[in-house]
Every structure is written in C-alpha cells, then in structure tokens.
Amino acid sequence: MHKSLRIAAATAACVLAGGALYGAGAATAEQRTANSTHEPYNIGQLVKDIDTYYGTTADSNGVYQASPDSPYAKDLARLDADAKRYINRAARKALHRGEKPAVVFDIDDTLLLSLDYEKKTNYTYNGTTWAEYVAKADRPAVFGSPELVRYAESKGVEVFYNSGLKESQRSAAVENLKKIGVDVNLDADHMFLKDAANPPSYLGDCATPGTWNCTTVQYKGGTREHIEDDLGYEIIANFGDQYSDLDGGYADRTYKLPNPTYFVS
C-alpha cells in the first residue's frame, strides 16, 4: 500500500481536537501547513501528541498497542455507536424497498491497526518493511471494527472490503482478519485488492494488465461503482481511515475513522 505525506502537520490539529478527526469540518490535504508562511508544527511534539491520542504503550513482547481508555478508543466508540444506529435504520429501509444493502470497509487502520509499524519505523513508509509487517498477519484490531462488521452482517447487510493491499497479500490479510474475529465474506468476490498484473475490466480507464495508473480515489470509487452497478447492491455505508477511501461517490453515507499517523492521497 503506497503511503505518503506521513505525519502531515494538518493532522496535528485533528489529534488535539479528538473527535474532529472525522465528520464535517475535518482537515483535508489542501489545509497542510506547507501552504502557510508559519513555522510548521514541531515533529517531536506531534509524535508525543499522537502517542497521547492513542495511549500508546509497549506490551510485554515489545509491541506498541493503543489503550482501550484512550481518546482514540473513545472517538471510535462514538463512531461505532452512530454507525450501528444508522445501519439498523438504513438496512431495514433498503430491505423493505427490495434493495440489497451493503457496507464497504477499508482494511489498513480501519479493521487492522498498524500503530506498531508506524512507531518502529518512525512513521516512515518503506515498501519492503511494510510487506514484511503485513505478511506476519499479526496486527491487532481497530477497536470496535470486528463487532461492527458482524453487526452489519446480522442486519442482513452484505459486507465488502475495498483495500489498498496488493493481491499478493490476500492470504495474509485473510489470516489476520480471521485472527481478530472478522470472518465475514473473506472470499475473492467480496474482498477487493489491488491487482496490477490483472486489473478488473471496470478499472479499464486507469489500469490495464501490467500497468496501474489508478489513483486511490479512482480505484476505490470504481470498485464501489462495480459493487452497485454490476453486482446490484446499494452501499449504505463506506468506512475508511483516509479521505481517499471515501471520496468518489457510490455510498449513501461515509464514516472517516481517525488516523493521525499518515496520509494517502
């Protein structure tokens, strides 16, 4: 998964604002301090703020974990509670109209938390170390996300996954999701990953076999369009930790999960 602009200074304001990390009025890529003549936010202080937000601690194995009592966990709990209320209402309405309701989840830092990788790499992405980390299939759950997936399924909602992970990382992703209790629709018909070698025809405007030119928004928006227009589902909610997970339409409602550690355009 390509990650860029890590520890964007605009995120600092969101960290300090807590719940402002998602929802109306949250910072966007265009609001970075690079567009300002003011001194950027101090990176050392920003890392401390991120640790405070997550309640970051190392467990007995030296793995960095978020605290269940942290501001991060509390923000997620509020989001999950709202999402469950909405899914319950939207699913009933869709089923009453004879529609097939669906929800779409991103994976990285929406279902699987990558905090340990970010801390140990000093928030600096490297394709090799990231691939090694994903292959371990041992990331903890983002608080509340496994329960939210199972809740959607219990309401008659079809669950899909739309991830920036590579096709070659499918088995590790499935193993890790099962490990955290997400064992819902983990087949290839429901989990969409980046396949640069053999991209699907519905991404033909930006990807051909062996050539991948899709932006994150083109890829994820195009996949949601496929789920709705080709597969016949009505996406009632789309969940992601990046705005690029959510932009591009084809979802009745979007939920932005907090993530102050990196930005994906």
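For the structure itself, consult the block above.
Because the structure is predicted, anything quoted here is derived from the model rather than measured.

Now, about the pairing of strand β3 (residues 101–105): what can you tell me, with residues and values included?
With 5 of 5 residues buried, β3 lies mostly within the body of the structure. With 5 bridges joining them, β3 and strand β8 (residues 234–240) adopt parallel strand pairing. Within β8, the position partnered with valine 104 by the bridge is asparagine 238. The pairing of β3 with strand β4 (residues 158–166) spans 4 bridges and is classified as parallel. Paired with alanine 102 across the bridge in β4 is glutamate 158.

Outline the packing of helix α2 (residues 43–54) against helix α3 (residues 71–96), listing residues and values.
The interhelical angle for the contact between α2 and α3, taken along N-to-C directions, is 55 degrees, at an axis separation of 5 Å. In terms of orientation, α2 lies oblique with respect to α3. Two secondary-structure elements touch here, α2 through Thr52, Tyr53 and Tyr54 and α3 through Pro71, Tyr72 and Asp75. Its residues placed into classes, the contact of α2 with α3 shows 4 nonpolar, 1 polar and 1 charged.

Tell me about the environment of alanine 173, residues and numbers included.
Tracing the backbone shows alanine 173 in helix α7 (residues 170–179). As for alanine 173 and methionine 191, which are separated by 18 residues in sequence, their C-alpha atoms are 9.8 Å apart.

Procedures and definitions
Throughout, a residue's number is its position along its own chain's written sequence, starting from 1. Predicted model: local features are reported for residues with pLDDT of at least 70 only, side-chain atom pairs are reported and counted for 80 or more only, and whole-chain, interface and lining totals are derived from all residues. Only hydrogens and water are set aside when side-chain values are computed; all heavy atoms of the structure are taken into account. The buried label applies to any residue whose accessible area, calculated with a 1.4 Å probe on protein chains only, is under 20% of its type's maximum; exposed applies above 50%, and partly exposed to all values in between. Helix numbering and strand numbering both begin at the N terminus, where a helix is a DSSP run of H or I of at least 4 residues and a strand a DSSP run of E of at least 2. The criterion for strand pairing is that DSSP finds at least two bridges linking the strands in question. All axes here are fitted lines through C-alpha atoms, helices being fitted over the stretch that makes contact, and every angle between N-to-C directions spans 0 to 180 degrees. Orientation labels follow simple angle bins: below 35 degrees gives roughly parallel, above 145 gives roughly antiparallel, 65 to 115 gives roughly perpendicular, and whatever is left gives oblique. The contact criterion used is simple: two residues touch if any of their non-hydrogen atoms lie within 4.5 Å. All amino acids are sorted into three groups, where Ala, Val, Leu, Ile, Met, Phe, Trp, Tyr, Cys and Pro are nonpolar, Asp, Glu, Lys and Arg are charged, and the leftover types, Gly among them, are polar.

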